[in-house]
Structure formats: C-alpha cells, structure tokens
Amino acid sequence: MPPITTPSGLSMASLDAPSTRLARAWLGLGLAALTGSGLLALLLVLSRTPGIQHVFPLRDFFRAALVVHVDLSVLIWFMAFAAVLWSLAGNSRWATLGWVGFWLATLGTTLIGVAPFFPDAQPLLNNYVPVLQQPVFFAGLVLTAIGVGLSVVRALLTIPPQISFKGGMPADAALRLGVWLGAVAAAVALASFVGSWLAVTDVLGQLLWERVFWGGGHVLQFQHALLACVAWFWLADALGAPVATSGRATAILFLIAALPLLAVPVIYARYEVGSGEHMGSFMQLMAHGHTLMAPLVLLAAAALWQVRWQVAPAKSALLASMGLFVTGGVLAYLIQGANVVIPAHYHGSIVGVTLAFMGLTYVVLPRLGFGAPEDRLARWQPYVYGGGQLLHVLGLAWSGGYGVQRKVAGAEQVLTSLPQKIGMGMMGLGGLIAIIGGVMFVVVCLRAMLPRRPRQPLKT
Ligand code: HEM
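This is a predicted model, so every value here is computed, not measured. (Residues numbered from 1 in each chain as written. Predicted model: local features only at pLDDT ≥ 70, side-chain atom pairs only at ≥ 80, totals over all residues. Heavy atoms only, no water.)

## Topic: the pattern of salt bridges
Phase 1 of the analysis: Under the counting rule described, the total for this entry stands at four salt bridges.
Phase 2 of the analysis: One salt bridge in this structure joins E374 and R447, with 3.0 Å as the shortest N-O distance. Within this pair, whereas E374 is found in the loop between α12 (341–364) and α13 (375–401), its partner R447 is found in helix α14 (residues 418–449), the two being separated by 73 residues in sequence.
Phase 3 of the analysis: R379 is the partner of D375 in a salt bridge, and the nearest nitrogen-oxygen pair spans 2.9 Å. (Salt bridge = Lys/Arg side-chain N within 4 Å of Asp/Glu carboxyl O. Helix = DSSP H or I, 4+ residues; strand = E, 2+ residues; numbered from the N terminus.)

## Some points on the packing of helix α1 (residues 18–48) against helix α3 (residues 95–114)
Phase 1 of the analysis: For the pair α1 and α3, the least separation of the axes is 10 Å and the interaxial angle reads 10 degrees. Taken together, the axes of α1 and α3 are roughly parallel relative to one another. Residues P18, R21, L22, A25, W26 and L29 of α1 form the contact with α3, whose own contacting residues are A95, G98, W99, G101, F102, A105, T106 and T109.
Phase 2 of the analysis: Along the lines of polarity and charge, the residues of the contact of α1 with α3 split into nine nonpolar, four polar and one charged. (Axes fitted to C-alpha atoms, helices over the stretch in contact; angles between N-to-C directions. Parallel < 35°, antiparallel > 145°, perpendicular 65-115°, else oblique. Contact = heavy atoms within 4.5 Å. Nonpolar A, V, L, I, M, F, W, Y, C, P; charged D, E, K, R; others polar.)

## Quick notes on unusual backbone geometry
Phase 1 of the analysis: In this structure, Y128 is a non-glycine residue whose phi angle is positive, near 70 degrees.
Phase 2 of the analysis: With respect to the helices and strands, Y128 occurs in the loop between β1 (122–124) and β2 (131–133).
Phase 3 of the analysis: In this structure Y128 comes out as buried when scored by relative accessible area, which is 16%.
Phase 4 of the analysis: Phi angles above zero are rare outside glycine, and V414 is one such case at about 50 degrees.
Phase 5 of the analysis: Following the sequence through the fold, V414 ends up in the loop between α13 and α14.
Phase 6 of the analysis: Judged by its relative accessible area of 54%, V414 is exposed. (Buried < 20%, exposed > 50% of the residue type's maximum accessible area, 1.4 Å probe, protein only.)

## Examining the side chain of S37
Phase 1 of the analysis: Counting through the fold element by element, S37 comes out in helix α1.
Phase 2 of the analysis: Contact partners of S37, with chain neighbours within four places excluded, come to H69, L72 and S73.

## A word on the site of the ligand
Phase 1 of the analysis: Around the ligand sit 25 residues in total, of which R48, H69, H347, R406 and K407 are the nearest.
Phase 2 of the analysis: A distance of 2.9 Å separates a nitrogen atom of the ligand from a polar side-chain atom of H69.
Phase 3 of the analysis: The separation between an oxygen atom of the ligand and a polar side-chain atom of R406 is 2.8 Å.
Phase 4 of the analysis: Elements with a contribution of two residues or more to the shell around the ligand: α1, α2 (62–89), α12, α13 and α14.
Phase 5 of the analysis: Among the elements that make up the shell around the ligand, the one with the highest residue count is α2 (seven residues).
Phase 6 of the analysis: Considered class by class, the residues forming the shell around the ligand number 15 nonpolar, seven polar and three charged. (Near = heavy atom within 4 Å. Polar contact = N/O pair within 3.5 Å; in protein donor to acceptor, adjacent residues only side chain to side chain.)

## Thoughts on the coordination of the iron atom of the ligand
Phase 1 of the analysis: The coordination sphere of the iron atom of the ligand contains the protein donors H69 (NE2) and H347 (NE2), at a distance range of 2.1 Å.
Phase 2 of the analysis: Viewed at the metal, the six donor atoms of the iron atom of the ligand are separated by angles of 85 to 178 degrees, and the geometry they form is octahedral. Taken together, the residues H69 in helix α2 and H347 in helix α12 connect sequence positions 278 residues apart. Grouping residues by exposure puts H69 and H347 together as buried. (Donors = N, O, S within 2.8 Å, 3.2 Å for Na, K, Ca; no water. Tetrahedral: all angles 85-135°; square planar, octahedral: opposite > 155°, others 65-115°.)

Functional significance is not addressed by these values, which are geometric in nature.
This is how it looks when you write it as structure tokens:
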C-alpha cells in the first residue's frame, strides 16, 4: 500500500507498516496511563478541597495517589506519546526492538498502577519521579525505563535528522528534526538518571531519589517542550496555517531550542551529583534554557492568530494548549518557597503540553486507521479540560500566595483564612471540571478507535 501523503504534518508510512502499528500501540498505552492519572487526580482534588477534605474517605491514600498520578502522567503518558511521534517520524526498520520496548513499558506501567494496592507501599514525594518504596513499584519503574529506553534507541536509529544548508528542504523535515531532537533529549535524560544513580552512594530514602531524578527530570522538560512545539506546528498545518518560516529556518530554530542539552554533560563533569551547585545548575538551565524556545512559541502563536476564527477540534486544542502553557511559564517566575505555586506552574506548563498532544491525537487518529473524532465533542473537549485546568492553576497560584503548602491534604493543609479556602475551593472546582474534560477526551478517542457496530435498520 503506498505511503499516506497527507495535507499536514509528517508524511507517514502506510497503515499496515510496522511503524504505524507501533504508533497505534503506544497511543493506546498513553491513553490508558492518562486515564489512570485522571482518576487519581479525582482523589487528589477531593482530598484538598475545603469542606470535602474532612469527609472524603480516601484522603489517607493522598500521598500514594500523588506518586502514581505524577508517574502515570508526566512519565508514561508523555513518554508513550513521544513514542507515537518517534514511530511516525521513523522508518519501519528495527520493528522487533520497538515491540520489545512497547511490551516492557506496558508491563512496567501495569506494575506501577497496581503497586499502591500491595502492602508497605511507602510513598516518597521527591520531585520529577516520585516513588513508592516497594519492590513491585521499582520493578515497574525499571521495566518502564528499559522499555522507553529501547524505543528511544529505535527512534535514533530510524529517524533521519534531515537538515541541508543548500537547496530546498522537504516541508516536514523540520518537524522530523524536532521529533528526533526530542529523542536526543530523552536519551540525555535517561543517561542522566543512570549517571546520578551510579554517583549517589551516601544517602537513602527521599533524598536518594531526589538526587537520582533531579538532573534527568529537568532534561525531560526539554523533550516535552520540543515535542509540544512539533505538535503546535502540526496542528497549525492541519488547520491550513503552516508556520511562516522556511523548512530550513524552522529546523535551525529547533536546533537552537535544543542547545541547552549540551550543558548537561558539562554539569555532570563539573559538579558532584547532589551538591548545591549540581542542583542549582539544572534550575538555571531550566529557567534560562527554555527562553531559547521563544521563537518557536511565537511562530506557533502567529499561526494560531491566522486561524483564530476557525472552528475545529485542532484549533480548540491549539488555543487552549498555548494559553495554558504561557500561563504556566509566567507562574514559573512567581515561585517563591515550597508552596502550591509550584504545582500551579507544573499544571500550566505540562497540561499545556498535554493539550497539544490531545489535539494532535485528534489529527492522527484517522491516519492511524481509526475513525475521525466526533467533531462537536472534540471541539469542546479542549476548552473544558483547558478551562478547568486554568481555574485549577489560578486557584493553586492564589492559595500559594497565601502560603498553602504543596503535597499535603486534609487537615494537614491547615486552611485557616478565607482567601486560602477560596483559593483551594477554586482549585477543587477547576480540578473537577478538568477531570470531566479528561473523560470527554477518552470518550472521543474510544469512539473513534473502537469498531462501530453497523446500525440495525428500524423494524417497521
Ligand atoms: C484532570 C487533570 C488534573 C488534575 C485535576 C490534577 C490535580 C492535581 C493535584 C490536586 C495535585 C496535588 C498538588 C499538591 O498537593 O501539591 C497534582 C499534582 C501533580 N500533577 Fe496533576 N492534575 C491533573 C492532570 C495532570 C497532568 C495531565 C499532569 C502531567 C502531564 C500532571 C502532573 C502533576 C505533577 C507533576 C504533580 C506534582 C506537583 C508537585 O510536585 O508539586 N497533572 N495534580
């Protein structure tokens, strides 16, 4: 069957090509992980909402739920969707490597999901990859890491990073380069995790995992942001507003945005893992390195402006995604101390990335051999999810301004003042609306992915 030449984004292999089938599989795993994370978010939100927090029976599971909420969303949903893009951007070689990676990650995800129900699941709330100090969870984490690692290796082997400084460049070459650079960032992050793990010998418990995941956790944010830009450009293209710059100029902007990755080996070479300089350098890399993405973000915003009047699921997702991402970026510079402004920033930025991936899911579903997303529901879903998250984020930011602590629930929150209660009330309402938006996304995808039973003619 000839390759699928499509109006937008990456030109893709045929429907029955191994890379397309791998992309379908990783999308399925990503959706399952996002669903699990969304269900746990319900427990988190209800455990922190004033009035409900005291009566909610599952509030004692808050910490374990928070660990799995974060790992299923930031780690598995994001890495699975990245693997969808890596499969679509690459050729069909090394398929077996791809499938071994997929099944190991699926088994790992399942173990992470069931680990809280095993005894002694002690939650440790370190940043980036929080853990349950328990064998089933660690087995899940290691299997997932190996599975994702194999998929990263396959991506670097199968995606040709095309950039030529002479003559024309295919329109999708810049996007393919962006996807490839996402795989490079993932490889640097995985190497950082291994490097830190080997270097940290003198501490245990939460401090150990904080040091093991600090470097790689920061590097993963560059992967997510690079692939968010790929998703925005693809969405804009699908809406008939390809970005203004030439393929070559866009490719150069992607290379510039990935430059901070070069600093990672320097930080490891210069500073001892876990030292103040090491931790501080990664915070600086994040704060300053992401500014190199600004030209890509502005290009996507210019394309959004061109399609501002269009009514389509891709447009809703592009608008909601960019709005939330920019809100999260602004909140990053308002972080002072360990309060809920931090999760406000996180949810702005990474739920902005999530919305970009949700919109791109709508665009690629038919090209993966599934049905087209149901238009009306798919058009409203990003606004419900994004709008709910915006209220959730603003509630967290407001409450953080009044000193409400992060990662605590129930009475531990010590909500005494009216502004604190109003802020966390907003967090709760916004969170519930966002969860409804998350359910809408899963419904739209399942309706498009599951085979439809032909309608029975009415008996007269
Ligand atoms: C339906 C949407 C969601 C809701 C309602 C929600 C709600 C929450 C809540 C209430 C917390 C606990 C905050 C605290 O106690 O400090 C939390 C933490 C977190 N969530 Fe979500 N979340 C959602 C989706 C997501 C998604 C899609 C991601 C990532 C892709 C994500 C990543 C995180 C992270 C990283 C934390 C830890 C924050 C920290 O370390 O302070 N969440 N979430």
